[in-house]
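# Structural features, examined
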Protein chains: 2
Amino acid sequence: MDHKDGRSARTKTPGNGEGAARGGYAVGDERRLRILDAAVEHFAQWGFHASSLARIAKDVGITQGGLLHHFRSKEDLLVSVLERSEEHDIERFFSTEFDSAADCFLRLLELVEYNSRRPGRTRMFNVLVGESSDPGHPAHAFFTRRYRKVLRDLSDTLRRGVDSGELKPDTDYLAEAQELIAVMDGFQLQWALEPEWLDMTERLRRYLDRVYRSISTTGAALPPGPAGDADESGR
Amino acid sequence: MDHKDGRSARTKTPGNGEGAARGGYAVGDERRLRILDAAVEHFAQWGFHASSLARIAKDVGITQGGLLHHFRSKEDLLVSVLERSEEHDIERFFSTEFDSAADCFLRLLELVEYNSRRPGRTRMFNVLVGESSDPGHPAHAFFTRRYRKVLRDLSDTLRRGVDSGELKPDTDYLAEAQELIAVMDGFQLQWALEPEWLDMTERLRRYLDRVYRSISTTGAALPPGPAGDADESGR
DNA sequence: GTCTATAGTTCGATAGAC
DNA sequence: GTCTATCGAACTATAGAC
């Protein structure tokens, strides 16, 4: 109990030069990171309530008591997992503002492509988003906050697209953003159930293309993104 | 153990005239139905693994032992809940084939409108769909079967729309159907998290309208459905 | 058909040795 | 930093009285 400072603030090392391999974590946190990685898989398979600290600890190679030295409670572990994932997303995809709606759309394609290579992480979000609609769920606050932020960022981007003349003046920012979020979440649900039946990236591109043709001033197609579009579709 | 026949086949009463109030259940099954209704709420809030038979039984006003007289196991209870829901959906919305793609779309609007008035049921599906992407989950088979069926029905309907001249010949049945399912599921996730932020029916109508304009031969809007469209939107 | 009782696990969290 | 030991609680399922 005396080892831990504020509620599970990651023990960063502010004085160590900042530029360590990736992200600025202290080297002594490796064990902590291994726990977080294992926890993702368990939360993905069992959800929060039915996951067990002992089983997670076993995956890491320690006991339940050892695990609770790093995270003061199960709930703390969940929140830490979510915050780390979100932080990672932000610095990987949303560290800079979007130049345009088209740029935003292409960035979302990259995100989905990334998610399709992280099945554990993606399934975890599917399970927890569903579970956390209950206000008493420990991740409820996290997901409501997250949805509001994503929705605001997305609709702001669309509004700027209208202001710049990229998008038609009568574009319904909010509705468009909510629909886009729905499509992404829905594809992830289907994909998690039977991954081989659905190429999320290709399907999202198809969706975004139609939307962009519909709301862009020129009616032009979405430009091909940097993400591998050269070989696979040929459409 | 001797009271139950095959694995929880609902104890219908084939000899009682078939036309009883609704569905042909025996009157002695009221208790059973109350258990199923209570279970929906629990599976919605806790998922499968973390739901407890004792708590469900308490809601019904009996003990855990009493509950297990009606369902031989927790898993049996889950499957019974899902099958009953599906059966109900089918007889309420899909008892007859679709006349056209437009008819199908309007019927889906009714379904979503219905779902928005059954929050417990809808949340349960959100939670269980996420959980059941794990192949070991007791509802995994149910949801994969369900998705395949819905996908087939939907894409078949679109194909018939093409054949009849209602839809453009180059319509991609499968992609269109997968996207539509994604949109519906995604809206339900958002709605469950913060119901007041999203009118699912209105948003789905907006989506279907754009799709229909895009794939219908005439490029016409989706005709207004029988579902209350007269007063609320004015668009 | 519902109850009580209970077997047999497993859980989260704490305390303390090393 | 990790382990062992342990507490109190909750869980599913079964057995048997009524």
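As the structure is a prediction and not an experimental result, all values here were calculated from the model.

Neighbouring DNA strand D are 16 residues, the closest being A:Arg31, A:Thr63, A:His70, B:Arg55 and B:Gln64. Each atom of DNA strand D within 4 Å of the protein was classed as base or backbone; sugar and phosphate made up 57%. In this structure, a phosphate oxygen belonging to DNA strand D sits 3.2 Å away from a main-chain N or O atom of B:Ser51. In the environment of DNA strand D, a phosphate oxygen lies 3.2 Å from a nitrogen or oxygen atom belonging to the side chain of B:Ser52. Breaking the surface near DNA strand D down by element, the ones donating at least two residues are helix H3 (64-70) of chain A together with helix H2 (53-60) and helix H3 (64-70) of chain B. Within the surface near DNA strand D, the residues separate by chemical class into three nonpolar, 10 polar and three charged.

Before going further, it helps to examine the UniProt feature "DNA-binding region" (unreviewed entry) in chain A. Per the UniProt record, "DNA-binding region" (unreviewed entry) is annotated on residues 52-71 of chain A. Note that residues 52-71 of chain A is 75% helix and 0% strand, and that its end C-alpha atoms are spaced 14 Å apart.

What follows covers the relation of the copies chain B and chain A. Mapping chain B onto chain A calls for a rotation angle of 180 degrees and an axial translation of 0.0 Å; the resulting RMSD is 0.0 Å. When the rotation and shift are considered jointly, the pair of chain copies conforms to a two-fold rotation axis. A share of 100% of interface residues in chain B that are also interface residues in chain A marks the association as one of identical surfaces.

So, on to the side chain of B:Thr201. Residues and elements named next belong to chain B. Locating Thr 201 in the fold gives a position in helix H9 (residues 200-215). Among the residues examined, Thr 201 registers a relative accessible area of 15% and is labelled buried. Sequence-distant contacts of Thr 201, defined by excluding residues within four places in its chain, comprise Leu 109, Val 112 and Glu 113.

Counting across every chain of the model gives 14 aromatic pairs over all chains. Measuring from centroid to centroid gives 5.9 Å for B:Phe125 and B:Phe143, while their planes differ by 90 degrees, and the two rings are edge-to-face. Residue B:Phe125 is found in helix H6 (residues 119-131), and its partner B:Phe143 is found in helix H7 (residues 140-163); the two are separated by 18 residues along the sequence. Put simply, the rings of A:Phe93, A:Phe94, A:Phe98 and A:Tyr114 touch in pairs and so form one group of aromatic residues. Cation over ring: A:Arg55 sits above A:Trp46, and NZ or CZ is 4.6 Å from the ring centre. Positioned above the aromatic ring of B:Phe48 is the side chain of B:Lys74, whose terminal nitrogen or guanidinium carbon lies 4.8 Å from the ring centre.

Bringing the interface of chain B and chain A into the picture now. Facing the 45 residues of chain B at the interface are 45 residues of chain A. On the surface where chain B and chain A come into contact, there are 10 salt bridges. Here A:Arg210 and B:Glu176 are joined by a salt bridge, their closest N and O atoms 2.8 Å apart. At the surface where chain B touches chain A, the tally comes to 20 residue pairs in polar contact (both at pLDDT 80 or more). Contributing elements (two or more residues each) for the side of chain B that touches chain A: helix H1 (30-46), H6, H7, helix H8 (173-193) and H9 of chain B.

Here the focus is the protein's contact with DNA strand C. What surrounds DNA strand C is a group of 16 residues, the closest being A:Arg55, A:Gln64, B:Arg31, B:Thr63 and B:His70. The protein-proximal atoms of DNA strand C, defined as those within 4 Å of the protein, are 58% sugar or phosphate. Within the backbone of A:Leu53, a nitrogen or oxygen atom sits 3.0 Å from a phosphate oxygen of DNA strand C. B:Thr63 is positioned with one of its backbone polar atoms (N or O) 2.7 Å from a phosphate oxygen of DNA strand C. Among the elements of the structure, helix H2 (53-60) and H3 of chain A together with H3 of chain B are those that each provide at least two residues to the surface near DNA strand C. The dominant element in the surface near DNA strand C, judged by the number of residues it contributes, is H3(B), at four residues. In terms of residue class, the surface near DNA strand C is built from three nonpolar, 10 polar and three charged.

Basis of the calculations
Position numbers for residues start from 1 in each chain and track the written sequence from start to end. The naming scheme follows written order: chains are lettered A onward, ligands numbered 1 onward. pLDDT decides what is reported in this predicted model: residues at 70 or higher carry local features, side-chain atom pairs at 80 or more are listed and counted, and totals for whole chains, interfaces and linings draw on all residues regardless. Side-chain measures were taken over the full set of non-hydrogen atoms in the model, leaving aside hydrogen atoms and water. Any residue with a heavy atom lying within 4 Å of a molecule or strand is counted as near it. In protein, a polar contact requires one atom able to donate a hydrogen and another able to accept it; more generally it is a pair of N or O atoms within 3.5 Å, and residues adjacent in sequence count only if both atoms are side-chain atoms. Secondary structure counts use DSSP, requiring at least four H or I residues in a row for a helix and at least two E residues in a row for a strand, with both numbered from the N terminus. Gly is placed with the polar residues, together with every amino acid not listed as nonpolar (Ala, Val, Leu, Ile, Met, Phe, Trp, Tyr, Cys and Pro) or charged (Asp, Glu, Lys and Arg). UniProt positions are given in the numbering used here, feature names are shortened, and annotations may be inferred rather than shown by experiment. C-alpha atoms of residues with pLDDT of at least 70 in both copies form the basis for the least-squares superposition of the copies. Note on contacts: a residue pair is in contact if any heavy atoms of the two residues lie within 4.5 Å. A simple rule labels every residue: compare its accessible area, found with a 1.4 Å probe on the protein chains alone, to the largest value its type can have, and call it buried under 20%, exposed over 50%, or partly exposed in between. Here a Phe, Tyr or Trp ring, Trp counted by its six-membered ring, pairs with any other such ring whose centre lies within 6.5 Å, and the pair is stacked when the planes are under 30 degrees apart, edge-to-face when over 60, and tilted otherwise. To sit over a ring, a charge needs its Lys NZ or Arg CZ within 6 Å of the ring centre and within 35 degrees of the ring normal. Salt bridge, as used here, is a side-chain nitrogen of Lys or Arg placed within 4 Å of a carboxyl oxygen of Asp or Glu.

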